[in-house]
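Survey of secondary and tertiary structure
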Amino acid sequence: MKLVNVQEMKQLDQLATAEYAVPGILLMDNAAQAVADAVNDSLDELDGESVVVFCGGGNNGGDGFGAARWLQNYGARVRVFVVGKALDAVTGDAAAELAMLQKTDAKVEAVAGEDDWVVAELAAAKADILVDALAGTGFHGELGGDLLRACRLMNDSEKYIVAVDVPTGVNADNGAVAENAVRADKTVTMALLKTGLLLYPGREYCGDIELADIGMPAKMVEECASKKYRLTDDIVRELLPLRKADAHKGDAGRAVICAGSPGFTGAAALSSYAAVKAGAGLVALYTPLSSRDVLAGKLTEVMVHGLLERMPGILGGGATGDVVKNANAADVLAIGPGLGTSESTQQVVRDILLQVQVPVVIDADALTALQGHTEILTQMQAAKVMTPHPGEMARLIGKEISEINADRINIAAQYAQEWNAVLVLKGAPTVIACPDGTVYVNSTGSSALSTGGSGDVLTGIIAGLAAQEITLQEAAVCGVYLHGKAADISGIDIGLAAGELAQFLPEARHEVLKGN
């Protein structure tokens, strides 16, 4: 499912009229009917119920005017309040919708003085449902003046709210939220999903999201310049590796994991086991010699090998050749979980990355090894996936975590191209950015994944999938989606241990393939 930012949506609106001869008023009226249908569905059936619509003076308000007219046709008692603009100052297609509405017996009132606000507040208090058609995708920054007062009024009413396109106060590009933004119970967004509806904190203000078909030509939408997608079963189903009936373990691929050190053996165990559950035929774990016996006892399905150490848990130069030799004989290498951050170990990691030739998944302590050394990423021979959380990403590029979270999609896209890497920026939601500019926003998972070791499981899943004759980019896309879907299938909201997560992977994969 394609995603767009505000500018891309504006271009589509203009193109629909200029190149495809679709009148703007037709698109607006289709949007209005979609909003009215959503209100009707929210109340089960409109039969004299009271609906109050708060409209701005722009196109979002035009959708609101049209929705009010449709709602009257459906049997609702409708009252419309226009905020921030006199009725005779509304222009364009919105003015046309307003004129049509005024031909009915709906009450349409401009909110200008204190008495008007009192009337609007009383109307909202008596309403069965409210519609927010104040600002839509045009909003950014902070709320102020009449717009702020209208948002407060709606929120304070504690009524069910349907937002048109985007709740007022939510940035449609990045999900930033102004103070007192409308907290909608349902958001009806037009033609294509806007990126800000899926990014936090904005996602929390949208309620249920409905995508409305407003008559945009399908060919035009398909050819839209946006390379951003919301991950769905349909996308992942086309990418997942399949297995022949007569396959043996060698056909299912070989994954090498370089992970673990004393005190952090759990990370190595989680990633290795996840690679097995993701379907890799053979998984070999390379870990500091002092961790080998512990991990060999934990992992009955994984071949565990000890690496040379300078001292317990600290890798020496001899480990580099061992990992590189065995990784290059396999299909994929995953490196980093719990490996350690001593300077000696970090140098071994950097040397491995420069010498390995098979695709590599870079996580955790291997990301730490790249701090101040990101030039290695452009010198590497191997294809690579990086899986930073916002803190790791912030350290890699010298920004604050808040800056990363405020612009997740653009930052991930920028550095995926700069580093020629698939960049999995973990979080809510996880963003997968590819070197060719394609970006995927994940739609699975929940706060149940907020537990230690969850990222180690993801690393193992991606490595396990990449071993099975799909590209590293495809493995990252599928891995992130299955990771979240496994959590969803578990049915556990709080208390899902990372070690339990991998148990649900086969079922998650099965559900995707059969179309559930």
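An account of the accompanying structure is given in this report. (Residues numbered from 1 in each chain as written. Predicted model: local features only at pLDDT ≥ 70, side-chain atom pairs only at ≥ 80, totals over all residues. Heavy atoms only, no water.)

A closer look at the packing of helix α2 (residues 24-42) against helix α3 (residues 59-73)
Operational definition: Throughout, an axis means a line fitted to C-alpha atoms (over the contacting stretch in the case of helices), and angles, computed between N-to-C directions, take values from 0 to 180 degrees. Only DSSP runs of H or I covering at least 4 residues are called helices, and only runs of E covering at least 2 are called strands; the numbering of each starts at the N terminus. The labels follow the angle: roughly parallel below 35 degrees, roughly antiparallel above 145, roughly perpendicular from 65 to 115, and oblique for the rest. Less than a right angle of anticlockwise turn of the near helix away from the far helix marks a crossing as left-handed, whereas a clockwise turn marks it as right-handed. Any pair of residues with heavy atoms lying within 4.5 Å of one another is described as a contacting pair. Residues are sorted three ways: Asp, Glu, Lys and Arg are charged, Ala, Val, Leu, Ile, Met, Phe, Trp, Tyr, Cys and Pro are nonpolar, and all the rest, Gly among them, are polar.
Two elements in contact, α2 and α3, have axes whose closest approach is 7 Å; the angle formed by their N-to-C orientations is 55 degrees. In terms of axis orientation, α2 runs oblique to α3. As α2 runs across α3, the sense of the crossing is right-handed. Facing Met28, Asp29, Ala31, Ala32, Gln33, Val35, Ala36 and Val39 of α2, the residues of α3 in contact are Asn59, Gly62, Asp63, Gly66, Ala67, Arg69, Trp70 and Leu71. Looking at the contact of α2 with α3 residue by residue, the classes come out as nine nonpolar, four polar and three charged.

Things to note about the nonpolar core
Quick note on the threshold: Residue types Ala, Val, Leu, Ile, Met, Phe, Trp, Tyr and Cys, when buried and joined through side-chain atoms within 4.5 Å, form a set referred to as a nonpolar core. Buried means the residue's accessible area, taken with a 1.4 Å probe over protein chains only, is under 20% of the maximum for its type, while exposed means over 50%, and partly exposed covers the values in between.
Membership of the largest hydrophobic core comes to 62 residues, with the highest contact counts inside it found for Leu333, Ile335, Ile362 and Trp419. Here this core takes seven residues from helix α17 (residues 408-419), the largest share from any one element. Tryptophan 419 has contacts with Thr374, Leu377, Thr378, Lys384, Met386, Met393, Leu396 and Ile397, leaving out every residue within four places of it along the chain.

Observations concerning the sheet that holds strand β18 (residues 384-386)
Let me state the cut-off plainly: Following DSSP output, two strands are said to pair if at least two bridges run between them.
An order of β8-β1-β10-β21-β20-β19-β18-β17-β16-β11-β12-β13 is seen for the twelve strands of this open sheet, with the pairing classed as mixed. Two strands close off the open sheet at either side, each with one partner strand: β8 (193-194) and β13 (303-307). By the bridge criterion, three bridges tie strand β20 (residues 431-433) to strand β21 (residues 439-441) in an arrangement that is antiparallel. Counterpart to isoleucine 432 in the pairing with β21 is tyrosine 440. Contacting β1 (2-4), β8 and β10 (228-230), helix α1 (residues 6-18) crosses the sheet at an angle of about 100 degrees to β1.

Regarding the layout of surface pockets
Inclusion rule: Two kinds of site are reported from a 1 Å grid over the protein atoms alone, namely cavities, where a 1.4 Å probe fits but cannot get out, and pockets, open sets with protein on both sides within 12 Å along at least five of seven lines, and residues are called lining when an atom falls within 4 Å of a point. Grid points are joined across faces, edges and corners, and a volume is the space filled by probe spheres set on the points.
Here the largest pocket is characterised by a volume of approximately 870 Å³. Elements represented by at least two residues in the lining of the largest pocket include exactly β9 (208-212), α18 (454-466) and α19 (472-490). With four residues, α18 is the largest single contributor of residues to the lining of the largest pocket. A breakdown of the residues in the lining of the largest pocket according to their chemical character gives twelve nonpolar, 17 polar and six charged. If you add up the space inside the second largest pocket, you get close to 600 Å³. Asp13, Asn59, Asn60, Thr137 and Asp165 are, among the 28 residues lining the second largest pocket, the residues nearest its centre.

Some points on the packing of α19 against helix α21 (residues 505-514)
If you want to describe how two helices pack, look at the angle between their axes and the distance between the axes. At their nearest, the axes of α19 and α21 sit 8 Å apart, and the two run at 105 degrees to each other. The angle between the axes of α19 and α21 places the two elements in the roughly perpendicular class. Of the residues in α21, those in contact with Tyr481, Leu482, Lys485, Ala486 and Ile489 of α19 are Leu505, Glu507, Ala508, Arg509, Glu511 and Val512. Grouping the constituent residues of the contact of α19 with α21 by class yields seven nonpolar, no polar and four charged.

Quick look at the side chain of aspartate 132
So the rule is basically this: Neither His nor the chain termini are counted; the positive set is Lys and Arg, and the negative set is Asp and Glu. Basic side-chain nitrogens of Lys or Arg form a salt bridge, by our definition, when they fall within 4 Å of a carboxyl oxygen of Asp or Glu. Pairs of N or O atoms within 3.5 Å make up the polar contacts considered here, provided that, within protein, one atom can donate a hydrogen while the other can accept it, and that residues adjacent in sequence are counted only when both atoms are side-chain atoms.
Considering the arrangement of structural elements, one finds aspartate 132 in strand β5 (residues 129-133). Notably, aspartate 132 is buried but unbridged: the nearest opposite-charge side chain belongs to arginine 183, and the N-O separation is 12 Å. For aspartate 132, the side chain forms a polar contact with the main-chain nitrogen of leucine 134, separated by 3.2 Å. Other than its neighbours up to four places away in sequence, aspartate 132 contacts Phe54, Asn60, Met154, Ile161, Val162, Ala163, Val164, Val166, Pro167, Thr168 and Val182.

Looking at the pattern of salt bridges
As enumerated under the stated definition, the model contains 14 salt bridges in all. Linking aspartate 233 and lysine 485 is a salt bridge whose minimum nitrogen-to-oxygen distance equals 3.5 Å. Remark: lysine 485 occurs in helix α19 and aspartate 233 occurs in helix α8 (residues 233-239); sequence separation between them is 252 residues. For the pair aspartate 233 and lysine 485, one class covers both residues: buried. We note a salt bridge from arginine 237 to aspartate 234, for which the minimum N-O separation is 2.8 Å. Of this pair, arginine 237 and aspartate 234 both sit in helix α8, separated by three residues, roughly a single helical turn. The network of salt bridges with common partners includes Asp29, Arg69 and Glu97.

Considering the sheet that holds strand β3 (residues 77-83)
Spatial strand order, β4-β3-β2-β5-β6-β7-β9: seven strands in an open sheet with parallel pairing. A strand with exactly one partner marks an edge of an open sheet, and here the two such strands are β4 (107-111) and β9. Put simply, the sheet's adjacent strands are angled 20 degrees from each other on average, direction ignored. Relative to β9, strand β7 (residues 186-190) is paired through five bridges, and the arrangement is parallel. In the sheet register, threonine 187 faces β9, and the bridge partner there is isoleucine 209. Docked against the sheet, α2 engages β2 (50-55), β5, β6 (160-164), β7 and β9, running at close to 160 degrees with respect to β7.

Considering the pairing of strand β16 (residues 332-335)
Rule in force here: Crossovers are described as right-handed under a simple rule: with the strands pointing away from the observer, the path leading from the first strand over the helix to the second runs clockwise.
Burial along β16 is two-sided: the face carrying Val332 and Ala334 and the face carrying Leu333 and Ile335 are both buried. Where strand β11 (residues 254-258) and β16 come together, four bridges link them in parallel fashion. Across the sheet, the residue bridging to cysteine 258 is isoleucine 335, located in β16. Taken together, β16, helix α12 (residues 343-355) and strand β17 (residues 360-362) form a β-α-β motif whose crossover is right-handed.

Re the packing of aromatic side chains
Quick note on the threshold: Within 6.5 Å between ring centres, the rings of Phe, Tyr and Trp (the latter by its six-membered ring) count as paired, and their orientation is classed by plane angle as stacked under 30 degrees, edge-to-face over 60, tilted in between. Counting as a charge over the ring demands two things of the Lys NZ or Arg CZ atom: a distance within 6 Å of the ring centre and an angle within 35 degrees of the ring normal.
If you walk through the whole model with that rule in mind, you get four aromatic pairs. Stacked on the ring of tyrosine 205, the Lys or Arg arginine 183 has its end atom at 4.1 Å from the ring centre.

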